[in-house]
Amino acid sequence: MTDTLEKPVEKAGGAPLADAPKRLFIKTYGCQMNVYDSERMADVLRPLGYAPTDAPEGADFVILNTCHIRERAAEKVYSELGKLKQMRERKLARGDGGMTIAVAGCVAQAEGEEIMKRQPAVDLVVGPQAYHQLPELLTRTARARGERIGADFAPHEKFDALTPEMIATRGGEGPTAFLTVQEGCDKFCTFCVVPYTRGAEWSRPASAVLAEARALADRGVREVTLLGQNVNAYDGEGPDGKPWTLAKLAYALAEIPGLDRIRYTTSHANDMSDDLIAAHADLEALMPYLHLPVQAGSDRVLRLMNRKHGRQKYIDLIARIREARPDMAIAGDFIVGFPGETDRDFEDTLDLVRQVTYAGAFSFVYSPRPGTPAATMPGQIEEKVGLERLQRLQALLFEQQTSFNAAQAGKTLNVLFEKKGRYDRQAIGRTPYLQAVHVEAADHLLGQIVPVEIISGAQNSLNGRLASANPI
Ligand code: SAM
Ligand code: SF4
């Protein structure tokens with residue numbers, strides 16, 4: 001039995017997904033159920049810019065939604081696939097791009113591998129349980145061919161236009177700066193619009209990132225935060241022509257004189273590679289604060305969200321990270337009231353929070369985003385229930401955040417002073433764990449990293465006094 005099958009890279013040859021508008025043709029065989037499924041497939045593909053067309057000729061994406069009941073059903077499908085293959089060749093020959101060909105429905109479910117073998121023109125095979133994964137499968141097929149989804153989305157052009165002079169004067173004068181290294185997302189969590197609005201994952205070449213970081217350091221920046229929708233999926237081209245991981249990039253950034261602190265956000269648990277964990281043990285510049293969203297603590301909800309990992313994998317991952325860097329502060333994102341979330345599922349989220357213990361978190365009540373698979377899932381939760389769950393979750397998260405901050409009292413932490421405070425001569429800076437610290441008589445230390453003795457910690461910030469007037 002087959003749920004989904006994708007063509008290996010070297011055999012792929014379909015539509016130029018970056019071209020818009022995109023035409024979708026679905027041929028439906030069999031019963032009313034298949035008609036309904038075809039409509040659902042059109043719905044999940046609409047956010048990617050696919051509009052239905054009534055003939056296969058000229059279509060960018062053709063789906064044969066098959067039925068196994070009738071005799072010789074498979075033979076009919078193979079004959080149709082032969083015709084589609086020729087249509088694709090004609091389309092390519094007239095310079096109108098290719099055509100992605102998928103087989104869905106019961107024949108796909110029963111004979112997936114056989115179909116791919118017998119008709120190499122087929123790019124995707126999708127069983128009836130996997131239609132919600134179509135956008136994801138299509139994006140991956142496009143990526144395998146070096147294409148991107150979303151015609152008006154061209155991040156490399158945007159960054160190419162950024163000159164070193166513009167970089168040097170960008171974003172004000174402060175000692176901290178954001179540096180975008182990655183954009184887009186291929187994960188397709190069922191609640192999220194990012195894969196549709198930001199397109200496929202794309203990483204800037206390492207040399208461009210390093211050049212920008214050097215320019216920032218030259219103008220006095222001491223801390224950079226590397227940004228990306230899935231920043232730890234970074235795989236930008238290195239100077240050697242091979243892809244670099246985020247860890248490799250961090251080691252190179254740590255060599256830049258003056259750049260003392262490196263942060264990155266936001267990460268996905270599945271991209272938290274061993275070399276990145278090891279970098280946290282090795283690199284003093286890599287700050288011990290990690291924003292690693294989990295969204296939910298119940299395996300069932302994580303599956304419905306298409307997060308691609310379970311609860312225990314996340315908990316074990318946190319344990320491995322803390323083994324490498326025992327003082328690592330963990331921050332998270334949570335969604336409560338996801339469609340189908342039961343009281344029991346929600347208790348699992350609270351339980352996960354108790355096991356992990358967070359230094360900070362963002363938490364939200366699920367809100368349907370039109371066009372995403374979760375928006376039409378059964379079991380949408382009443383707003384009142386969602387809000388009650390949010391209150392309970394936030395009470396626990398705030399309690400953990402407050403204890404984490406209070407536990408710093410009595411310690412001496414290095415603080416990078418970023419700006420003046422509200423009171424005369426007061427300055428505000430950040431600890432390695434990203435906590436804001438208010439310090440009196442410190443406004444002459446802006447832009448410097450200085451040891452600060454922490455006096456007290458509350459929910460949102462710490463108070464401290466200079467342990468030594470000598471910057472590091
Ligand atoms: N890439 C990150 C990840 O994998 O967790 C998160 C990026 S997302 C743009 C930022 C946060 O917004 C998510 O972590 C999630 O908690 C929240 N969010 C996204 N879509 C949401 C929705 N439909 N309803 C409620 N919260 C949502
Ligand atoms: Fe991608 Fe994060 Fe959105 Fe999931 S939540 S689809 S990983 S951006």
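Here the structure is a predicted model, which is why all the values come from computation and not from measurement. (Residues numbered from 1 in each chain as written. Chains lettered and ligands numbered in written order. Predicted model: local features only at pLDDT ≥ 70, side-chain atom pairs only at ≥ 80, totals over all residues. Heavy atoms only, no water.)

Visitor: Hey, could you run me through empty space enclosed by the protein in this one?
Guide: Regions of empty space are outlined by a rolling probe, equal in size to a water molecule, passed over the atoms. Per the stated rule, a full pass over the model turns up one cavity of 30 Å³ or more. By volume, the largest cavity is sized at about 40 Å³. Taken together, His132, Gln133, Pro135, Glu136, Phe188, Thr190, Tyr196, Asn306 and Pro373 form the lining of the largest cavity. The residue makeup of the lining of the largest cavity, split by class, is four nonpolar, four polar and one charged. (1 Å grid on protein atoms, 1.4 Å probe; cavity = no way out; pocket = protein on both sides within 12 Å on 5 of 7 lines; lining within 4 Å. Points joined across faces, edges and corners; volume = space filled by probe spheres on them. Nonpolar A, V, L, I, M, F, W, Y, C, P; charged D, E, K, R; others polar.)

Visitor: Looking at this structure, I do not really get the site of ligand 2. What am I missing?
Guide: In the vicinity of ligand 2, the contacting residues are Cys185, Lys187, Phe188, Cys189, Phe191, Cys192, Val194, Pro195, Asn230, His268 and Arg307. Partitioning the shell around ligand 2 into residue classes produces seven nonpolar, two polar and two charged. (Near = heavy atom within 4 Å.)

Visitor: What should I look at first to understand the sheet that holds strand E13 (residues 329–336) in this one?
Guide: In sheet architecture, strand pairing relies on hydrogen bonds along the backbone and comes in two forms, parallel and antiparallel. Strands sit in the order E12-E13-E14 across an open sheet of three strands; the sheet is parallel. Looking at strand neighbours, the two that pair on one side only are strand E12 (289–291) and strand E14 (360–365), the edges of this open sheet. Across the sheet, the axes of successive neighbouring strands diverge by a mean angle of 10 degrees, strand direction being ignored. The sheet contact formed by E12 and E13 spans three bridges and is parallel. Paired with Tyr289 across the strands is Ala329, a residue of E13. (Pairing = 2+ DSSP bridges. Helix = DSSP H or I, 4+ residues; strand = E, 2+ residues; numbered from the N terminus. Axes fitted to C-alpha atoms, helices over the stretch in contact; angles between N-to-C directions.)

Visitor: Is there a simple way to explain the site of ligand 1 in this structure?
Guide: Within the structure, ligand 1 sits among 15 residues, and Gln229, Gln295, Arg307, Asp333 and Ser367 are positioned closest to it. Here a nitrogen atom of ligand 1 and a backbone polar atom of Gln229 are 3.0 Å apart. In this structure, Ser367 approaches ligand 1 through a main-chain N or O atom, which is 2.8 Å from a nitrogen atom. If ligand 1 stood free it would expose 560 Å²; the protein chains cover 83% of that surface. (Polar contact = N/O pair within 3.5 Å; in protein donor to acceptor, adjacent residues only side chain to side chain. Areas by Shrake-Rupley, 256 points an atom, 1.4 Å probe, with all protein chains shown as cover.)

Visitor: Help me understand the pairing of strand E5 (residues 100–104) in this model?
Guide: Remark: a regular strand shows side chains that alternate across the two faces of the sheet. In terms of burial, E5 is largely enclosed, as five of its five residues are buried. Here E5 shows a buried face lined by Thr100, Ala102 and Ala104 and a second buried face lined by Ile101 and Val103. Where strand E4 (residues 61–66) meets E5, five bridges bridge the pair, whose relative direction is parallel. Bridge assignment links Asn65 to a residue of E5, and that residue is Ala104. (Buried < 20%, exposed > 50% of the residue type's maximum accessible area, 1.4 Å probe, protein only.)

Visitor: I keep staring at the sheet that holds strand E19 (residues 461–466) and nothing clicks. Help me out?
Guide: Strands sit in the order E15-E16-E17-E19-E18 around a closed barrel of five strands; the barrel is mixed. Here the strands of the sheet are splayed against their neighbours by 50 degrees on average, with no regard to which way each runs. Pairing between strand E18 (residues 449–457) and E19: five bridges, direction antiparallel. Across the sheet, residue Glu453 finds its bridge partner in E19, namely Arg465.

Visitor: Is there a simple way to explain the confidence of the model for the protein in this structure?
Guide: The predicted coordinates ought not to be read in detail in places where the model reports low pLDDT. Chain-level statistics for the protein give a pLDDT mean of 88 and a share of 88% at 70 or above. In the model, residues 8–19 has pLDDT below 50 throughout and makes 36 contacts with residues more than four positions away in sequence or in other chains. Across residues 167–171, where pLDDT falls below 50, the model places 13 contacts with residues more than four positions away in sequence or in other chains. (pLDDT = per-residue confidence, 0-100. Contact = heavy atoms within 4.5 Å.)

Visitor: How should I be thinking about the packing of helix H13 (residues 343–356) against helix H14 (residues 383–406) in this particular structure?
Guide: Between two packed helices, the angle of one axis relative to the other and the distance separating the axes together describe the packing. Relative to each other, H13 and H14 sit at 5 degrees, their axes nearing to 10 Å. Relative to H14, H13 is oriented roughly parallel. Facing Asp343, Phe346, Glu347, Thr349, Leu350, Val353 and Arg354 of H13, the residues of H14 in contact are Arg389, Arg392, Leu393, Leu396, Leu397 and Gln400. Here the residues of the contact of H13 with H14 sort into six nonpolar, two polar and five charged. (Parallel < 35°, antiparallel > 145°, perpendicular 65-115°, else oblique.)

Visitor: So what exactly am I meant to see when it comes to the packing of helix H10 (residues 274–282) against helix H12 (residues 311–324) here?
Guide: One way to put it is that H10 packs onto H12 with a least axis distance of 8 Å and a crossing angle of 35 degrees. Each of Asp274, Ile277 and Ala281 in H10 lies in contact with H12, whose residues at this interface are Leu317, Arg320, Ile321 and Ala324.

Visitor: When you look at H10 in this model, what are you seeing that I'm missing?
Guide: Since one α-helical turn is 3.6 residues long, residues separated by three or four positions face the same way. Buried within H10 are the following residues: Leu276, Ile277, Ala279 and His280. On an axial view of H10, the arc spanned by its buried residues comes to 155 degrees, and they lie on one face. More than 90 degrees from the buried face of H10, the exposed residues found are Asp274 and Asp282. On the buried face of H10, the contacting elements are helix H9 (246–254), strand E11 (261–265) and H12. (Arc of directions from axis to C-beta.)

Visitor: Just to check I follow, could you spell out the packing of aromatic side chains for this structure?
Guide: Each aromatic ring pair is summarised here by two numbers: the centre-to-centre distance and the angle between the ring planes. Under the definition given, this model contains five aromatic pairs. A centroid spacing of 5.4 Å and a plane angle of 70 degrees characterise the contact between Phe338 and Tyr366, whose relative ring orientation is edge-to-face. With Phe338 in the loop between E13 and H13 and Tyr366 in the loop between E14 and H14, the pair connects residues that are 28 residues apart, well separated along the chain. An identical accessibility class is assigned to Phe338 and Tyr366; each is buried. Taken together through their ring pairs, the aromatic side chains of Phe191, Phe338 and Tyr366 make up a single cluster. Sitting above the plane of the Tyr50 ring, Lys22 keeps its charged end 5.2 Å from the centroid. Above the plane of the ring of Tyr78 lies Arg118, whose end atom (NZ or CZ) is 3.7 Å from the centre. (Phe/Tyr/Trp six-rings, centres within 6.5 Å; stacked < 30°, edge-to-face > 60°. Lys NZ or Arg CZ within 6 Å of the ring centre and 35° of its normal.)

Visitor: I tried to follow the pattern of salt bridges on my own but got confused; where do I start?
Guide: Close approach of charged atoms allows side chains of opposite charge to pair. Applying the stated criterion to the full structure yields 30 salt bridges. A salt bridge links Asp348 to Arg344; the nearest nitrogen and oxygen atoms lie 3.7 Å apart. In this pair, Asp348 and Arg344 are both assigned in helix H13, four residues apart and thus about one turn of the helix distant. In this structure, Glu418 and Arg430 form a salt bridge, with 3.9 Å as the shortest nitrogen-oxygen distance. Residue Glu418 is found in strand E15 (residues 412–420), and its partner Arg430 is found in strand E16 (residues 427–430); the two are separated by twelve residues along the sequence. For Arg430, a relative accessible area of 29% puts it in the partly exposed group. What you see here is one network of salt bridges that share partners, running through Arg23, Glu57, Asp60, Arg90, Lys91, Arg94 and Asp96. (Salt bridge = Lys/Arg side-chain N within 4 Å of Asp/Glu carboxyl O.)

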